[in-house]
Amino acid sequence: MSDNQKYVNLDSGETIFFARELELIKSKSYDVKYADLKARSLLPVSGEAGPGAESITYRQYDHLGVAKLISSYANDLPRSDVKGREFTSPVRSLGASYGYNLQEVRAAKMVGKPLEQRRANAAKRAVMQLENTIAFKGDSASGLGGFISNPNYSVVSVGAGAGGGTTFKTKTPDEILKDLNQVANTPFSVTLGVEMPDTLLLPLDQYTLISSTARSANSDTTILEYFLKNNPFIKSVDWLNELKGAGLGGSDAMMAYRKDPDALTLEIPQDFEQLPVQEKGLEFEIPCHSRIGGVLIYYPLSIARGDGI
């Protein structure tokens with residue numbers, strides 16, 4: 001350590017105070033919740049790869065071959081086999097930091113005042129915000145896939161209603177229900193009954209509309225309640241801000257999917273962590289870090305997107 005640096009050191013009492021304050025801040029920081037960052041609540045999260053992983057690879061296999069009627073002495077039995085493909089996604093690091101200068105630590109100790117908690121919260125918020133953005137929209141420059149941006153699932157353009165528009169606000173409850181059912185039923189239809197979605201997501205405005213609009217003039221049941229009661233697949237309907245403008249031509253979109261780690265996962269090999277304090281001149285900096293592998297969609301046809309709502 002240089003002569004200039006050694007005078008920055010805290011005395012023993014200040015060091016103990018600072019260490020305790022950081023311990024408290026770290027504990028509090030992990031408890032902060034942000035309702036509008038919904039990636040972890042809407043997508044199955046996997047940390048199976050571990051913090052040392054540089055990429056994540058999964059394999060998909062398909063069965064080949066058909067049987068046929070044969071005679072007792074047949075020697076030309078049809079051959080069955082298995083073929084497989086590999087898919088790989090990179091893992092990237094996310095980072096932020098916060099810190100306190102020497103005088104802030106000493107002043108806080110002198111008056112018995114806790115260090116500023118909001119700085120830790122801001123650093124965590126920055127990391128979680130980027131994680132949320134990548135989870136839904138991906139990051140093409142880094143090769144990370146997102147839930148909304150995946151190009152391989154079924155896309156449905158909803159039809160116009162009697163009023164001439166395709167958006168929910170121009171349609172009757174019956175027309176809105178038709179659109180909801182069309183998108184919800186698409187994975188089941190295109191896979192011939194293999195995939196059954198259980199979750200439907202809409203932009204906030206459309207979600208609010210169906211949850212507050214009556215099914216008919218003579219009903220006290222909302223469109224949302226009626227849909228959940230009568231659709232054979234969907235068990236949960238939620239809102240997602242990122243679906244606003246996510247459809248073709250910048251239109252609003254809704255998505256139906258199976259919320260199951262066998263269908264898709266948000267890969268978080270390393271959860272948010274705060275590293276040891278680093279002394280930099282007259283400041284004490286706390287680096288924050290996490291690792292993300294994007295969203296892996298194992299069965300793209302288990303997801304359908306409806307544009308134009």
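A few points on the structure. Note that this is a predicted model, so its numbers are computed, not measured.

Turning next to the overall build of the protein. Along its length, the protein carries eight helices and 14 strands. Counting only contacts in the protein whose residues sit at least 6 apart along the sequence, the fraction spanning at least 24 positions is 75%. With the model as given, the accessible surface of the protein reaches about 16,800 Å², and the carbon-plus-sulfur share is 51%.

A few words now on the sheet that holds strand β9 (residues 264-267). Spatially, β1-β9-β13 is the arrangement adopted by the three strands of the open sheet, whose pairing is mixed. Strand pairing shows two members of the sheet lacking a second neighbour, β1 (45-46) and β13 (295-297), which therefore form its edges. By the bridge criterion, two bridges tie β1 to β9 in an arrangement that is parallel. When the bridges of β9 are listed, S46 appears paired with E267.

What follows is about the environment of P232. For P232, the location among the structural elements is in the loop between α8 (223-230) and β7 (236-239). For the pair P232 and N185, spaced 47 residues apart in sequence, the C-alpha to C-alpha distance is 8.9 Å.

The subject of this paragraph is the environment of T167. Counting through the fold element by element, T167 comes out in the loop between β5 (154-157) and α6 (173-190). By relative accessible area, which is 26% here, T167 ends up partly exposed. Dropping the residues within four chain positions of it, T167 is found in contact with G308 and I309.

Turning next to the side chain of D307. Here D307 lies in strand β14 (residues 304-307). Its relative accessible area of 3% is what places D307 among the buried residues. Here D307 is in contact with V155, V156, S157, V158, G247, L248, S251, D252 and A253, once residues within four sequence places are set aside.

So, about the sheet that holds strand β8 (residues 253-257). Strand order in the open sheet made by the five strands is β5-β14-β8-β6-β7, with mixed pairing throughout. Either end of the sheet is taken by a strand with one partner, and the two such strands are β5 and β7. For this sheet, the mean angle separating the axes of adjacent strands, direction not counted, is 20 degrees.

So, how was this worked out
- Residues numbered from 1 in each chain as written.
- Predicted model: local features only at pLDDT ≥ 70, side-chain atom pairs only at ≥ 80, totals over all residues.
- Heavy atoms only, no water.
- Helix = DSSP H or I, 4+ residues; strand = E, 2+ residues; numbered from the N terminus.
- Contact = heavy atoms within 4.5 Å.
- Areas by Shrake-Rupley, 256 points an atom, 1.4 Å probe, with all protein chains shown as cover.
- Pairing = 2+ DSSP bridges.
- Buried < 20%, exposed > 50% of the residue type's maximum accessible area, 1.4 Å probe, protein only.
- Axes fitted to C-alpha atoms, helices over the stretch in contact; angles between N-to-C directions.

Coordinates in, geometry out; function isn't part of it.
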